[in-house]
Amino acid sequence: MDTYKLGPIAKLNYKDGAFEMISPGTHVICAVTGEHILLDRLRYWSVERQEAYIDAAASLQAHQKQEQEQDNKED
């Protein structure tokens, strides 16, 4: 993706099944890969962590990392 053509990064409030625009923009950044995600292609996010993900694999990776961190805290 040509990032120089992108506008500002949007600030969103991620909700169940939808997101709310807090400050306008054209895209967000994947919390796992750092890739730019156009808002019209945004399909994966975490309400709990308020993070966006480029795809299902990145979402799963973030979920597994959180579980591992929680397991380490319990030990």
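Throughout this document, residue positions are counted from 1 along each chain, in the order its sequence is written. Given that the model is predicted, a residue must reach a pLDDT of at least 70 before its local features are reported, and side-chain atom pairs must reach 80 or more before they are shown or counted; all residues, however, enter totals for whole chains, interfaces and linings. No hydrogens and no water enter the side-chain calculation; it runs on all heavy atoms of the structure.

1. Digging into the overall build of the protein chain
Helix and strand definitions here come from DSSP, where helices need a minimum of 4 consecutive H or I residues and strands a minimum of 2 consecutive E residues; each element is numbered from the N-terminal end. Check the secondary structure of the protein chain and you find one helix and six strands. Helices and strands appear in the protein chain in the N-to-C order β-β-β-β-β-β-α. With the principal axes as the frame, the protein chain shows a C-alpha extent of 45 × 25 × 15 Å. Sorting the 75 residues of the protein chain into buried and exposed places 23% on the buried side. Restricting to contacts in the protein chain with at least 6 residues of sequence separation, those with at least 24 account for 25%. Here the protein chain displays about 5300 Å² of accessible surface, and carbon together with sulfur accounts for 47% of that area. Where the 8 positive side-chain charges of the protein chain centre and where its 13 negative ones centre are 8 Å apart. The cut-offs for exposure are 20% and 50% of the maximum accessible area for each residue type, with area from a 1.4 Å probe on protein chains only; residues under the lower value are buried, those over the upper are exposed, and the others partly exposed. A contact between two residues is defined here by any heavy atoms of the two lying within 4.5 Å. All accessible areas in this document rest on Shrake-Rupley with a 1.4 Å probe, and a residue is counted as covered only by the protein chains that are shown. Only four residue types enter the charge count, namely Lys and Arg as positive and Asp and Glu as negative; His and the chain termini do not. Just so you know, the charge point we use is NZ for Lys, CZ for Arg, CG for Asp and CD for Glu.

2. Digging into the pairing of strand β1 (residues 11-15)
Alternating positions in β1 separate cleanly, L12 and Y14 being buried on one face and K11, N13 and K15 remaining unburied on the opposite face. Two strands pair under a simple rule: DSSP has to find at least two bridges between them. Both β1 and strand β2 (residues 18-23) contribute to a ladder of five bridges, which runs antiparallel. Paired with N13 across the bridge in β2 is E20. Following β1, the chain reverses through two residues before pairing antiparallel with β2; G17 in that reversal takes a positive phi of roughly 80 degrees.

3. Some details on the packing of aromatic side chains
Put simply, two rings from Phe, Tyr or Trp (the six-membered ring, in Trp's case) pair if the centres are within 6.5 Å, and we call them stacked under 30 degrees between planes, edge-to-face over 60, tilted for the rest. On inspection of all chains with the given rule, the structure shows two aromatic pairs. A ring pair is formed by F19 and W45, whose centres lie 5.5 Å apart and whose planes are at 85 degrees; its orientation type is edge-to-face. In this pair, F19 sits in strand β2 while W45 sits in strand β5 (residues 44-46), placing the two residues 26 residues apart along the sequence. Taken together, the ring pairs in this structure connect Y14, F19 and W45 into an aromatic cluster.

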